[in-house]
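Chain and residue survey
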Amino acid sequence: MAKEKVVLVDIADRIATVTINRPDKLNALNKDVREQFVQVMDELEDNDDVRVVIVTGAGDKAFVAGADIAEFKGRGGVDQLHVTKRFGIFEAPERLPKPVIAAVNGFALGGGCELALACDIRIASDKARMGQPEVSLGILPGGGGTQRLPRLVGLGNAYKLLYTGQIIKADEALRIGLVDEVVPHDQLQQRVRELATEIAGKSPIALELIKDAVRASVRTSLDDGMRHETTLFGLAFSSADKEEGVNAFLEKRTPDFKGK
Ligand code: COA
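Residues numbered from 1 in each chain as written. Predicted model: local features only at pLDDT ≥ 70, side-chain atom pairs only at ≥ 80, totals over all residues. Heavy atoms only, no water.

**Quick look at the sheet that holds strand 4 (residues 62-64)**
Applicable threshold: Two strands are said to pair when DSSP picks up at least two bridges between them. Strands are runs of DSSP state E lasting at least 2 residues, helices are runs of H or I lasting at least 4, and numbering of each runs from the N terminus.
Taken together, four strands build an open sheet; the order of strands is 4-6-8-9 and the sheet is mixed. The open sheet has two edge strands, strand 4 and strand 9 (168-169), and neither has a second partner. Two strands pair when backbone bridges link them, and strand 8 (residues 129-131) and strand 9 are joined in this way by two bridges, in the antiparallel orientation. Each bridged residue has a counterpart across the sheet, and for methionine 130 the counterpart in strand 9 is isoleucine 168.

**A look at the environment of arginine 215**
The following threshold applies: Any two residues whose heavy atoms approach within 4.5 Å at even a single point are treated as in contact. Nitrogen and oxygen atoms within 3.5 Å of one another constitute a polar contact, given that in protein one can donate a hydrogen and the other can accept it, and given that sequence-neighbouring residues count only through two side-chain atoms.
Inspection of the secondary structure assignment puts arginine 215 in helix 9 (residues 204-217). Residues in contact with arginine 215, not counting those within four places in the same chain, are Glu94 and Arg95. Here glutamate 94 takes part through its backbone oxygen, which lies 3.3 Å from a polar atom of the side chain of arginine 215.

**Some thoughts on empty space enclosed by the protein**
Convention followed: Only protein atoms enter the 1 Å grid used here, on which a cavity is any set of points holding a 1.4 Å probe that cannot leave and a pocket is any open set flanked by protein within 12 Å on both sides along at least five of seven lines; residues with an atom within 4 Å of a point are listed as lining. Grid points are joined across faces, edges and corners, and a volume is the space filled by probe spheres set on the points. Residues are grouped as follows: nonpolar covers Ala, Val, Leu, Ile, Met, Phe, Trp, Tyr, Cys and Pro; charged covers Asp, Glu, Lys and Arg; every other residue, Gly included, is treated as polar.
Under the defined criterion, the tally for this structure stands at one cavity of 30 Å³ or more. What the largest cavity holds in volume is close to 30 Å³. Met41, Asp42, Glu45, Ala92, Arg95 and Leu96 are the residues that line the largest cavity. When residues of the lining of the largest cavity are traced back to their parent elements, those giving at least two are helix 1 (31-46) and helix 3 (92-95). At three residues, the largest contribution of residues to the lining of the largest cavity is made by helix 1. Its residues placed into classes, the lining of the largest cavity shows three nonpolar, no polar and three charged.

**Here we look at the pairing of strand 5 (residues 100-104)**
Using the following cut-off: Note on exposure labels: buried denotes an accessible area under 20% of the residue type's maximum, exposed denotes more than 50%, and partly exposed covers the range between, all computed with a 1.4 Å probe on protein chains only.
Summarising burial for strand 5: five of the five residues are buried, a large majority. Here strand 5 shows a buried face lined by Val100, Ala102 and Val104 and a second buried face lined by Ile101 and Ala103. Looking at chain direction, strand 3 (residues 52-57) and strand 5 are connected through three bridges and run parallel. Across the sheet, the residue bridging to valine 53 is valine 100, located in strand 5.

**A short note on the pattern of salt bridges**
Once their charged atoms are close, side chains differing in charge can pair, the charge on each being opposite to the other. Worth spelling out the cut-off: Salt-bridge detection follows one rule: a side-chain nitrogen of Lys or Arg within 4 Å of a carboxyl oxygen of Asp or Glu.
Going through the model one piece at a time under the given rule, you end up with 17 salt bridges. Linking lysine 127 and aspartate 60 is a salt bridge whose minimum nitrogen-to-oxygen distance equals 3.9 Å. Highlighted residues: lysine 127 in the loop between strand 7 (121-125) and strand 8 and aspartate 60 in the loop between strand 3 and strand 4, separated in sequence by 67 residues. For aspartate 60, a relative accessible area of 53% gives the class exposed. In this structure, the salt-bridge partner of arginine 215 is glutamate 94, at a minimum N-O distance of 3.6 Å. In this pair, arginine 215 is assigned in helix 9 and glutamate 94 in helix 3, connecting sequence segments 121 residues apart. Relative accessible area serves as the criterion here: at 13%, glutamate 94 is assigned to the buried category.

**Notes on the nonpolar core**
Keep this limit in mind: Put simply, a nonpolar core is a bunch of buried Ala, Val, Leu, Ile, Met, Phe, Trp, Tyr and Cys residues held in one set by side-chain atoms that sit within 4.5 Å of each other.
Counting 44 residues, the largest nonpolar core has Phe37, Val53 and Leu178 as the members making the most contacts within it. Sorting elements by how many residues they give to this core places helix 1 first, with six residues.

**Here we look at the domain arrangement of the protein chain**
Put simply, the rule is: Domain extents, as shown, originate in an automatic or database domain assignment. When two parts are brought into contact, each loses some accessible area as probed by a 1.4 Å sphere; the total of that loss over both is the buried area.
Domain boundaries assigned for the protein chain yield domain 1 (7-200) and domain 2 (204-250). Inter-centroid distance (C-alpha atoms) of domain 1 to domain 2 is 26 Å. On the domain 2 side, the residues contacting the 12 residues of domain 1 number seven residues. Interface area for domain 1 against domain 2, summed over the two sides, is near 740 Å², with a carbon-plus-sulfur share of 54%. On the domain 1 side of the contact with domain 2, Arg51, Glu94 and Pro97 bury the most area, a combined 56% of that side's loss. Our enumeration of links across domain 1 and domain 2 arrives at three salt bridges. In this structure, the salt-bridge partner of glutamate 94 is arginine 219, at a minimum N-O distance of 2.9 Å. Inspection of the domain 1/domain 2 interface yields six residue pairs in polar contact (both at pLDDT 80 or more). Per element, the largest residue contribution to the side of domain 1 that touches domain 2 is three residues, and it comes from helix 3.

And the structure:
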């Protein structure tokens, strides 16, 4: 029997929208979502027609309300280790060499907050509610909440969220840097699309190299990061896109980047 599609993909105008589709469970991440999401991300990597990816949740209420808590009951440590390692859902957006924008359209809790954290940019609806409530279940975040969150919002803000399990509103998430922009709920998809369209017009090679360099910035020393950037900068000069970008500037026209 064919599996239910719990991750939907829509591709238009070089932008792929990936929608977690379990609205009756507030898009909680069960095994099928993890598996399909990673599969979809791999397919998008190979699809040259896609230049930017948007990740969002189905329905009007949630981005993703966390890992599927029903699957936790009775699960042992080794099983959980295998689930987390096997699917690597929280690595997939970061590993994808294309810009990934999270459109946070409601609850982004636990694994949902962590999935948003794994994306490059977070745009939130004013109805978004975010947090890491794992502590209330007697566990800790397992998808980067203790790692990406402090890097983004600082140690104190991260400890506050992690120790209390508090769920914060969009304006507070913006204040501490957990999201990058907040827009009225009914304008979220339009705003995210507008941003994605702007990015999709840039050179895919430059975008890939930028992502690679910025990822290095949180993993390496400043000296190593600067060296890495210098190498990538040199590499960019071997692309046809660089010639096109420079020529377009000199000829006062819009560049037409081919990703070559
Ligand atoms: N895992 C499994 N099911 C979940 C879920 C999760 N993380 N979050 C929500 N759901 C399910 C609910 O069980 C409910 O299912 P049901 O209709 O079959 O009973 C459905 O989604 C709707 O959620 P409900 O709790 O009725 O909505 P609400 O508006 O009253 O509350 C939340 C919304 C987000 C506050 C609440 O659902 C919640 O606290 N969810 C868990 C959040 C969490 O702890 N996430 C971290 C997990 S590690």
